[in-house]
Structure formats: structure tokens, C-alpha cells
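Below are the chains, spelled out letter by letter.
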Amino acid sequence: MMPLRTVRRDAPWQWLRAGWNDFRMAPGVCLAYGAIFVAIGALFVFGLVAVGMSSTIPVALSGFALVGPALAVGIYQVSRAFEKGEIPRFRVIISRFPQRIAQIGFLSILLGLLLMIWMRVAQILLVVLAPFAPLEPSAFLNFLFTDGSGLTLLAVGTVFGGVLATLSFAISVIAFPLLVDRDVDAITALATSFNAVLKQPFVMFTWAWLIAFIIGAGIAVFGVGLAIAFPWIALATWHAYRDFMPKEEG
């Protein structure tokens with residue numbers, strides 16, 4: 001575990017501003033990266049429809065956020081390039097793999113396991129609490145908010161999903177930028193990230209709610225919104241990492 005600085009209580013708003021400034025200085029790179037993220041999500045959704053699992057789309061979209069930090073590794077290079085006085089270019093960013101790629105892969109697999117757990121839990125809850133729920137997406141959403149069984153499923157699912165989302169956030173929010181920037185192993189990065197949440201819970205849970213709100217707004221306008229929201233949050237997360245762990249001297 002690495003030592004951490006104490007940050008201001010209003011730091012999350014500063015991270016958002018810093019991330020947006022980076023976005024504005026490299027809009028092409030950020031939007032291209034965001035478009036790839038949206039394309040991956042769209043393929044995932046189309047795949048579920050193709051295999052007759054369209055009713056799981058809402059769960060899949062919410063769970064997709066669990067692995068989002070692993071997909072943001074490349075976009076951290078934009079802010080890092082600005083720090084070095086470089087001009088971030090998309091072809092350079094996607095080819096500049098971090099040296100700790102194996103450690104990043106290990107942590108990514110861990111997040112992937114959390115996603116699989118969430119999908120399985122959601123399936124079990126559906127069978128146990130609402131076995132006769134309609135499977136068509138629009139009818140299912142209406143069922144969730146108007147039927148007693150649907151409301152129970154929504155409440156219980158929100159609790160389970162919240163626990164997994166909190167765990168995913170705690171182990172990854174600082175870990176991935178740390179692995180991109182410094183020569184540490186995945187366990188050290190994970191422990192450092194978890195410690196940041198334990199050390200300043202108000203700041204970090206404010207940050208978590210801001211992330212959830214912005215990503216939720218992005219999902220609401222799926223084609224354009226996430227292409228902006230995802231890289232913006234990723235860039236802001238880099239500045240969160242810098243705030244907790246300033247750049248090494250030399």
C-alpha cells in the first residue's frame with residue numbers, strides 16, 4: 001500500500017473541471033475513444049438480443065459500469081501526455097501500452113468476475129422474486145415500477161448491485177491510474193485504492209455518485225452521451241489519482 005495525501009472535500013468538482021479541460025484540449029482523441037466504448041456496449045446489447053436475452057439488457061448496462069475502469073486505461077494517456085508537454089494523438093495512445101499490462105490484466109479479470117457475479121445474482125433474483133415477469137424490455141421495465149413483485153425485485157437488486165458497484169469502485173478508482181503511471185503490482189494498487197476510499201469516504205462516495213449520475217445521463221442518450229461521459233470521467237479520474245498521489249519527483 002502506498003501513502004496517500006488528504007484531499008479537499010470539494011475535490012471531486014475540481015477533478016471534473018480538470019477532466020473537462022483535458023477533454024476540450026483533445027476532443028478528437030477523447031470522442032474517438034468514447035465512440036469505441038459505445039460501440040463495445042452496443043455490440044454487447046445486440047448480442048444479448050440475438051441470443052434471446054433482451055430482458056437482461058438493463059442489468060447488463062448497469063453491470064457494464066463495473067468493468068468501465070478497465071476500459072479507461074488508454075484514455076488516461078491523454079492527461080498524462082499533457083503533463084509531459086506532449087500532444088495526445090489517438091494512434092500513439094492506443095499503441096502506448098503500460099509496462100504493467102499483466103497487472104492491469106489481473107485487475108481487469110477481477111472486475112470481469114464481479115460483472116459475472118452481478119449477472120448471475122440478477123438471474124437468481126429474477127427467478128426467485130419474479131418468475132412470471134415479462135421478458136420483453138419495455139414490458140419488463142413497466143413491470144418493475146408498477147407491480148409489487150417488480151418493486152421488490154428492483155429494491156433487492158439495487159441493494160445487491162450497490163454492494164458490488166461499491167466494491168468495484170473501491171478496488172479500481174485509484175488502482176488503474178496507479179498501474180498506468182507507476183511500477184507497482186496489482187495488489188498494491190488495489191490496496192492503495194481501497195485505502196483512499198476508507199481514508200476519505202465522504203470525498204470518494206461523492207465522486208462515486210457524480211460518476212453514476214454522469215454515466216446515467218450518458219446512457220439516457222446512449223449514442224452521443226456515453227461517448228462524451230466515459231472519456232470525461234476517465235480524465236477526471238486521472239486527476240483524482242494525481243490529487244491523492246502527486247507525480248513523483250525526477
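Cut-offs and rules
- Residues numbered from 1 in each chain as written.
- Predicted model: local features only at pLDDT ≥ 70, side-chain atom pairs only at ≥ 80, totals over all residues.
- Heavy atoms only, no water.
- Helix = DSSP H or I, 4+ residues; strand = E, 2+ residues; numbered from the N terminus.
- Rg over C-alpha atoms; globule rule 2.2 N^0.38 Å.
- Buried < 20%, exposed > 50% of the residue type's maximum accessible area, 1.4 Å probe, protein only.
- Contact = heavy atoms within 4.5 Å.
- Areas by Shrake-Rupley, 256 points an atom, 1.4 Å probe, with all protein chains shown as cover.
- Lys, Arg positive; Asp, Glu negative; His and termini not counted.
- Charge placed at Lys NZ, Arg CZ, Asp CG, Glu CD.
- Expected span 1.5 Å × (residues − 1).
- Patch = residues over 30% accessible without salt bridge, like charges linked within 9 Å, V, L, I, M, F, W, Y side chains within 5 Å.
- Salt bridge = Lys/Arg side-chain N within 4 Å of Asp/Glu carboxyl O.
- Polar contact = N/O pair within 3.5 Å; in protein donor to acceptor, adjacent residues only side chain to side chain.
- Axes fitted to C-alpha atoms, helices over the stretch in contact; angles between N-to-C directions.
- Parallel < 35°, antiparallel > 145°, perpendicular 65-115°, else oblique.
- Core = buried A, V, L, I, M, F, W, Y, C linked by side-chain atoms within 4.5 Å.

(A) Quick peek at the overall build of the protein. Summing up its helical and strand segments, the protein has twelve helices and zero strands in all. Computed over the C-alpha atoms, the radius of gyration of the protein is 19 Å, within 12% of the 18 Å expected from 2.2 N^0.38 for a compact globule of 250 residues. Every one of the 250 residues in the protein was classed for burial, and the buried ones make up 48%. Considering only intrachain contacts with a sequence separation of at least 6, the fraction spanning at least 24 residues in the protein is 76%. Carbon and sulfur atoms make up 71% of the accessible area of the protein, which totals about 12,500 Å². Positive and negative side-chain charges of the protein, numbering 16 and 12 respectively, have mean locations separated by a distance of 5 Å.

(B) Quick look at helix H10 (residues 186-199). With 14 residues, H10 extends 20 Å from end C-alpha to end C-alpha; this agrees with the ideal 20 Å at 1.5 Å per step. If you check which residues of H10 are buried, you get Ala186, Thr188, Ala189, Leu190, Thr192, Ser193, Ala196 and Val197.

(C) Quick look at a nonpolar patch on the surface. Taken together, the side chains of Ile109, Leu113 and Met116 present a nonpolar region at the surface, about 330 Å² in accessible area. With respect to the secondary-structure elements, Ile109 resides in helix H6 (residues 101-129).

(D) Looking closely at the side chain of Asp22. In this fold, Asp22 is placed in helix H1 (residues 11-25). For the buried Asp22, which has no salt bridge, the nearest side chain bearing the opposite charge is Arg24, at an N-O separation of 9.2 Å. Within polar-contact distance, the side chain of Asp22 engages the side chain of Ser79 at 2.6 Å.

(E) Layout of the environment of Ala191. On the secondary structure map, Ala191 appears in helix H10. Overall, the relative accessible area of 21% leaves Ala191 in the partly exposed class. Between the alpha carbons of Ala191 and Trp209 there is a distance of 21 Å; along the sequence they are 18 residues apart.

(F) Main features of the environment of Leu178. Relative to the elements of secondary structure, Leu178 occurs in helix H9 (residues 175-181). Each C-alpha atom, one on Leu178 and one on Thr188, is 9.4 Å from the other, the two residues being ten residues apart in sequence. Not counting chain neighbours up to four residues away, the residues in contact with Leu178 comprise Met2, Val184, Ala189, Thr192, Tyr241 and Met245.

(G) Region of interest: the packing of H6 against helix H8 (residues 148-172). Running from N to C, H6 and H8 point in directions that differ by 170°, and their axes come no closer than 10 Å. Taken together, the axis directions place H6 and H8 in an arrangement best described as roughly antiparallel. Only Ser149, Thr152, Leu153, Val156, Gly157, Phe160, Gly161, Leu164, Leu167, Ser168, Ile171 and Ser172 of H8 make contact with H6, whose side of the interface consists of Leu107, Leu110, Leu111, Leu114, Ile117, Trp118, Val121, Leu125, Leu126 and Leu129.

(H) Representation of the nonpolar core. Formed by 66 residues in total, the largest nonpolar core has its most connected members in Trp15, Ile75, Met204, Trp207 and Phe244. Tallying contributions element by element places helix H12 (residues 222-244) first for this core, with twelve residues. In this structure, Val121, Leu125, Ala130 and Leu144 belong to the second largest nonpolar core, which totals eight residues.

Just distances and angles here, no functional claims.
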